[in-house]
Amino acid sequence: MGRGGQDYGKTENASDASSKQEDFPAWARDVKQCEERYKVNRELGLSSAEVEKRRQIYGWNELEKHEGTSLFELILEQFKDTLVRILLVAAVISFVLAWYDGDEGGEMQITAFVEPLVIFLILIVNAIVGIWQESNAEKALEALKEIQSQHANVVRDGKKDSNLPAKELVPGDIVELRVGDKVPADMRVLSLISSTVRVEQGSLTGESEAVSKNVKVVPENSDIQGKKCMVFAGTTVVNGNCICLVTQIGMNTEIGKVHSQIHEASQNEQDTPLKKKLNEFGEVLTMIIGVICALVWLINVKYFLSWEYVDGMPRNFKFSFEKCTYYFEIAVALAVAAIPEGLPAVITTCLALGTRKMAQKNALVRKLPSVETLGCTTVICSDKTGTLTTNQMSVSKLIAIGSRSGTLRSFDVEGTTYDPFDGKILGWPVDGMDANLEMIAKISAVCNDAGIEHSGNHYVATGMPTEAALKVLVEKMGLPEESDSSSTSHGDPQRCCQRWKKMEQRIATLEFDRDRKSMGVIVNSSSGRKLLLVKGAVENLLERSSFIQLLDGSVIELDEYSRDLILQSLREMSTDALRCLGFAYKEELLEFATYNGDEDHPAHQLLLDPSSYSSIESKLIFVGLVGLRDPPRKEVRQAIEDCRAAGIRVMVITGDNKNTAEAICREIGVFGSNEDISSRSLTGREFMDYPDQKNHLRQSGGLLFSRAEPRHKQEIVRLLKEDGEVVAMTGDGVNDAPALKLADIGVAMGIAGTEVAKEASDMVLADDNFSTIVAAVGEGRSIYNNMKAFIRYMISSNIGEVASIFLTAALGIPEGMIPVQLLWVNLVTDGPPATALGFNPPDKDIMKKPPRRSDDSLITVWILFRYLVIGMYVGIATVGVFVIWYTHNSFLGIDLSGDGHSLVTYSQLANWDQCSSWNNFTVSPFTAGSEVFKFDKDPCDYFKTGKIKASTLSLSVLVAIEMFNSLNALSEDGSLLTMPPWVNPWLLLAMSVSFGLHFLILYVPFLAQVFGIVPLSLNEWLLVIAVAFPVILIDEVLKFIGRCTTGLRYSAPTKTSKQKAE
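The structure presented is a predicted model; accordingly, all values stated were derived computationally and were not measured.

Conventions and cut-offs
- The residue count restarts for each chain, going from 1 along the sequence in the order it is written.
- Given that this is a predicted model, residues contribute local features only at a pLDDT of at least 70 and side-chain atom pairs are listed and counted only at 80 or more, while totals for whole chains, interfaces and linings are drawn from all residues.
- In computing side-chain values, all of the structure's heavy atoms are included and hydrogens and water are not.
- Helix and strand definitions follow DSSP, with helices as H or I runs of at least four residues and strands as E runs of at least two, each counted in order from the N terminus.
- When accessible area is computed with a 1.4 Å probe and restricted to protein chains, residues below 20% of their type maximum are described as buried, those above 50% as exposed, and intermediate ones as partly exposed.
- For this analysis, residues touch if any pair of their heavy atoms sits within 4.5 Å.
- Per-residue and other accessible areas were derived by the Shrake-Rupley procedure at a 1.4 Å probe size, with only the shown protein chains allowed to occlude residues.
- Between any two strands, pairing holds if DSSP finds at least two bridges.
- The arc in question is the one traced by the directions running from the helix axis out to the C-beta atoms.
- In this analysis, axes come from line fits to C-alpha atoms, helices being fitted only over the stretch in contact, and the angle between any two N-to-C directions falls in the range 0 to 180 degrees.
- Surface patches are defined over residues having more than 30% relative accessible area and no salt bridge, joining like charges when they lie within 9 Å and nonpolar side chains (Val, Leu, Ile, Met, Phe, Trp, Tyr) when within 5 Å.
- Salt bridge criterion: a side-chain nitrogen from Lys or Arg within 4 Å of a carboxyl oxygen from Asp or Glu.
- The cut-offs work like this: below 35 degrees is roughly parallel, past 145 is roughly antiparallel, 65 to 115 is roughly perpendicular, and the gaps in between are oblique.
- Here a crossing is taken to be left-handed if its near helix is turned anticlockwise relative to the far helix by less than a right angle, and right-handed if that turn runs clockwise.
- In this classification, the charged set is Asp, Glu, Lys and Arg, the nonpolar set is Ala, Val, Leu, Ile, Met, Phe, Trp, Tyr, Cys and Pro, and all remaining amino acids, among them Gly, are polar.
- Here a polar contact means two N or O atoms within 3.5 Å. Within protein one must be a hydrogen donor candidate and the other an acceptor candidate, and residues neighboring in sequence count only if both atoms are side-chain atoms.
- Nonpolar core, defined: a set of buried Ala, Val, Leu, Ile, Met, Phe, Trp, Tyr and Cys residues in which side-chain atoms within 4.5 Å join the residues together.

Peer 1: Just to check I follow, could you spell out the overall build of the chain for this structure?
Peer 2: Along its length, the chain carries 40 helices and 34 strands. Relative to its full complement of 1062 residues, the chain shows a buried share of 56%. Restricting the contact set of the chain to residue pairs at least 6 apart, pairs at least 24 apart contribute 72%. Entry remark: accessible area of the chain is about 44800 Å², with carbon and sulfur atoms responsible for 56%.

What follows is the structure in structure tokens.
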């Protein structure tokens, strides 16, 4: 079964065997045919020789261990990112050049190696994080193996082996299942030992109740839920014993199919929308860097390669390796300047901060990128059971008999969990319980094998969920001496049930069976008589009832009018998708008058024969009925309204039956209360046969898919993703795991979720609450907006650095900033403001806007233009301040002559490499801090070591501009007058930190030497501020233009996207 099974066994025989098994639908064949097909006798089982023979064909009964990705492959995977590759090339070249320049020795050697080593360190940290994330990917498959049964009770060679390792089972084995057993393989039920067998298979199929199993044949095309004669690996027997025949093992089981689907989904994992955009940006950046580097070389080729023309042909080539290397270093500096090295670290930090915020809202993020993906979620595919509902059966309506014939009383019961203190019964009699209500409480408490207990901070059921719900009802009803039904103290959650059990001591049980559809218990009543207490299907109990108990406890004959009235109430509750149970009792038990559980008593023989139960349960006295359901969570309706307002569609995909799912969807607002949903509600099979699946999924508003199998869920998610939707899938069961893995965001339930679902997910809800997803989407949108802010900020800063280096090369002036300085700016001084932009407050209407499309551009043409303008200004300002220092004694009234430096003309500065040919060129010494720079030996050194002050001014202007530019990034189009800097105090703190770090490298001598800079005077700082501040004014003008042209810029793209959709 499934792709995984075809690989299993590692031989050709194994795949042949798989297909043979698939060809035989055991559920559609009777017991005898199954035994003949598998050549086995249920009394004797398989022989040891036959077991070995079959194992050679079918292999072991275990889930396949897929080969994991090797560490080497994982490491290589981390270097597929375009930005990372550019950085790697830049680091290698820097290292080679540093090694080449190492002959100079001394301090310069240390400086040269700082840059490549820092880049290598960034790449190593990035790779470690990536490998750690990748290695967690396959844990869902390991968790799936934990679900498998460890041992089985098997018949072989005519003997029973009660402790055979489950992995040794082969098709054809005869297995006995008992209460509490975990089913070890997919098996055909051959016979029931008890009168009934129920299996909890909700984690595999999504059903909210345990399923009764039988031996009857079902149609060959039945879905998993319809295969009532089959039990499936990994599910649990909650009631009864039976004999089964193994039909599928290992990867051929239903759980094996899920395993294959999870593995397949993990192979198809796609990059998040942000990562795709960053990769696209990286590719564009590579092209831009290549073009600019080529331009720089072409502009400067004359400096390291020259020739003469002789007879019209180039001759006497002269090549300067030293200058060639110098301009090569400029190209490397360009690469360093163009790449936002700090971007991966800042993105990771912002996402990590986002996960902390989400954790406070009960959304635990397992994979960092999913924080951002949540922000562009367009469709939420939600499981019903346990996500939209509580997955805890509860009584919502109680119907009791009135004070006279033909009257009924109806009570609404509050509460949606197994907590007996969650809600009360509305309209409860002021003077407490009457005799009729007492009898309903008595039957609910005593004719019941379930329990409720306190576990952590919530209540859990033991036994059948419907019976546990009745126990909760009894606690809410209270005791006869209590006038208020809600007066139960917060002590023992089964206080009232225990009291009833003491009063009515159970001595015999008439087990539930599928024919009479009821369960009965015989009790020694506190009145001294024997009583038969019965609960079961309402229609069946009415058929066997002759009397009815009124409010005061008096018993009268059940007339046709009362019967019809009860059936009408039953129909009304069934229409609301309530599961109904009736209650009845019997006082005249002549055969059991002296019975006390003694096996030698003649009446005991009647209890051993289930066929006699119907006659014992005859002439009953009917007392009332209840409606139960798996109720929706209180907060879900509002959450679905919020989704609608945010432009997110909600689709419900459940394994439960259609009527129940439709009723819940109407109640929570997925559908209107009177809306025609014939085109919106399909079963999984109907959808698979639907002619135009994509158009069905494109319908606006909510959709419902019931009776959905794992493959149906996967197909729906796959089609939505193909259509460009960003899909969040919620679920808690094993059957949800493949779709959770395939979805853009897999969301598992933290309390009720299986480990398989949690491991396959990207996010876990600590409170199992659908509304938490909606809150997380809002947080994701806010995080994305903030990430856009700091990405724009960092990119505009990098454009400025590129413009600075390009202008330097184009003008032919000495290099203003060295690569290690640019690296410091990109990693350290840019880092804190960029991170602080992640704390920008969210827009108030963030969940009133439609989700952004996953293909929306990170940087629009207008934004790119804006930052090219800003970048050009950064380039002009950094190069300009360099030129000003060399050519001016004052600028804008600021005196710059205090350090005593010599002035040169712009022409001299642009042709500084020809300095050695200038006549009478002399330079005065100048001071920087406590240091004096002299040029007696070589005046031309004024353009090399002497540029240290001008270089420091350039670097300081760059840092100051980037700090001011971070204020511009607070809002894409909002003015600083409407969104002042103090709306994000973290940004002001970050700017202080960045300036502080810059002062640190300026005024600590050792660091100043490493970075090749010197301290600045007060006047020089005034020059820096004067040159840097206009960046705010320029961007304010651009923002104003942006606000004025918003309509023009966004109307055209919207039209295009609509046409595309059509």
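Read on, since the account is not over.
Peer 1: Even after reading the chapter, I still don't get unusual backbone geometry, so can you show me in this structure?
Peer 2: The backbone of Asn-362 sits at a positive phi, close to 75 degrees, despite the residue not being glycine. Along the chain, Asn-362 turns up in the loop between α13 (343-360) and β12 (363-365). Judged by relative accessible area, which is 32%, Asn-362 ranks as partly exposed. The phi dihedral of Leu-892 is positive, around 55 degrees, even though this residue is not glycine. Among the structural elements, Leu-892 can be located in the loop between β31 (890-891) and β32 (894-895).

Peer 1: For this particular structure, what's the right way to read the pairing of strand β4 (residues 186-192)?
Peer 2: Regular strands place side chains that alternate from one sheet face to the opposite one. Here β4 lies mainly inside the structure; five of its seven residues are buried. Examined bridge by bridge, β4 and strand β9 (residues 242-248) share six bridges and lie antiparallel to one another. The residue bridging Val-189 from the neighbouring strand is Cys-244, located in β9. Bridging between β4 and strand β7 (residues 230-231) involves two bridges; their strand directions are antiparallel. Each residue of the ladder has a partner; that of Arg-188, found in β7, is Met-230.

Peer 1: Whenever I open this one, helix α18 (residues 495-503) confuses me. Can you help?
Peer 2: Along an α-helix, residues three or four apart share an orientation, since each turn contains 3.6 residues. Of all the residues in α18, the buried ones are Cys-496, Cys-497 and Trp-500. Projection of α18 onto a plane perpendicular to its axis shows the buried side chains occupying an angular sector of 100 degrees, all on one side. The inward-facing, buried residues of α18 abut α16 (435-446) and α17 (465-477).

Peer 1: Is there a simple way to think about the sheet that holds strand β5 (residues 197-200) in this case?
Peer 2: Each strand in a sheet pairs with its neighbour through backbone hydrogen bonds, running either in the same direction (parallel) or in the opposite one (antiparallel). Across the sheet, three strands lie side by side as β6-β5-β8; this open sheet has antiparallel pairing. On the outer flanks of this sheet lie β6 (211-213) and β8 (236-239), each paired with one strand and no other. Pairs of neighbouring strands in the sheet enclose a mean axial angle of 45 degrees, with direction left out of account. With three bridges connecting them, β5 and β8 associate as antiparallel partners. Across the sheet, residue Arg-198 finds its bridge partner in β8, namely Asn-239.

Peer 1: Just to check I follow, could you spell out the sheet that holds strand β26 (residues 681-683) for this structure?
Peer 2: Read across the open sheet, the eight strands follow the order β12-β30-β29-β28-β13-β25-β27-β26; overall the sheet is mixed. In this open sheet, the two edge strands, each paired with only one partner strand, are β12 and β26. Neighbour-to-neighbour, the strand axes of the sheet open up by a mean angle of 20 degrees, direction not taken into account.

Peer 1: Where do I start with the pairing of strand β14 (residues 394-401) in this structure?
Peer 2: Counting buried positions over the eight residues of β14 gives seven, a clear majority of the element. Alignment of β14 against strand β24 (residues 620-629), held across six bridges, turns out to be antiparallel. Within the sheet, the bridge partner assigned to Leu-398 lies in β24 and is Val-626. Of the pairings in the sheet, the one linking β14 to strand β15 (residues 408-412) comprises five bridges and is antiparallel in character. Following the sheet pairing, Leu-398 is matched in β15 by Phe-411. Hairpin connection between β14 and β15: a loop of six residues separates the two successive antiparallel strands, and Gly-406 in this loop has a positive phi of roughly 80 degrees.

Peer 1: Teacher, can you tell me more about a nonpolar patch on the surface here?
Peer 2: The grouping of Val-284, Met-287, Ile-288, Val-291, Leu-295 and Leu-298 at the surface amounts to a nonpolar patch, some 560 Å² of accessible area in total. Its place among the elements puts Val-291 in helix α11 (residues 273-304).

Peer 1: How should the packing of helix α33 (residues 861-887) against helix α38 (residues 1018-1028) be read in this particular structure?
Peer 2: Helix-helix packing: each pair is described by the crossing angle between the helix axes and the interaxial distance. For the pair α33 and α38, the least separation of the axes is 10 Å and the interaxial angle reads 150 degrees. In terms of their interaxial angle, α33 and α38 are classed as roughly antiparallel. The handedness of the crossing between α33 and α38 is right-handed. Along the contact surface, α33 presents Tyr-873, Ala-877, Val-881 and Trp-885, while α38 presents Glu-1020, Leu-1023, Val-1027 and Ala-1028. Of the residues assigned to the contact of α33 with α38, the class counts are seven nonpolar, no polar and one charged.

Peer 1: In this structure, what is going on with the side chain of Lys-535? I would like to understand it.
Peer 2: Here Lys-535 is to be found in strand β20 (residues 530-536). We classify Lys-535 as buried; its relative accessible area is 6%. Here the side chain of Lys-535 touches Glu-467 through a polar contact of 2.7 Å, side chain to side chain. Aside from chain neighbours lying at most four places away, what touches Lys-535 is Ile-443, Cys-447, Asn-448, Glu-467, Leu-470, Ser-518, Met-519, Leu-541, Gly-582 and Phe-583.

Peer 1: For this particular structure, what's the right way to read the packing of helix α35 (residues 948-968) against α38?
Peer 2: Contact geometry for α35 and α38: axes closest at 9 Å, N-to-C directions at 45 degrees. As summarised for this structure, α35 and α38 are arranged oblique, according to the angle between their axes. The interaxial crossing formed by α35 with α38 has right-handed handedness. For the pair α35 and α38, contact is made by Lys-949, Leu-953, Ser-956, Val-957, Ala-960, Ile-961 and Phe-964 and by Glu-1020, Trp-1021, Val-1024, Val-1027 and Ala-1028, respectively. Its residues assigned to classes, the contact of α35 with α38 shows nine nonpolar, one polar and two charged.

Peer 1: Honestly, the nonpolar core in this entry has me stumped. Any pointers?
Peer 2: Within soluble globular proteins, side chains that are nonpolar tend to cluster in buried spots. Ranked by internal contacts, the top residues of the largest apolar core, which has 128 residues, are Phe-770 and Tyr-886. No other element matches the 15 residues that helix α30 (residues 770-811) contributes to this core. Filtering out sequence-adjacent residues up to four positions away, Phe-770 remains in contact with Ile-380, Ser-382, Thr-387, Leu-388, Val-636, Ala-639, Ile-640, Cys-643 and Val-650. In this structure, Val-31, Ala-233, Val-717 and Leu-740 belong to the second largest nonpolar core, which totals 55 residues.

Any link to function would need more than the numbers given here.
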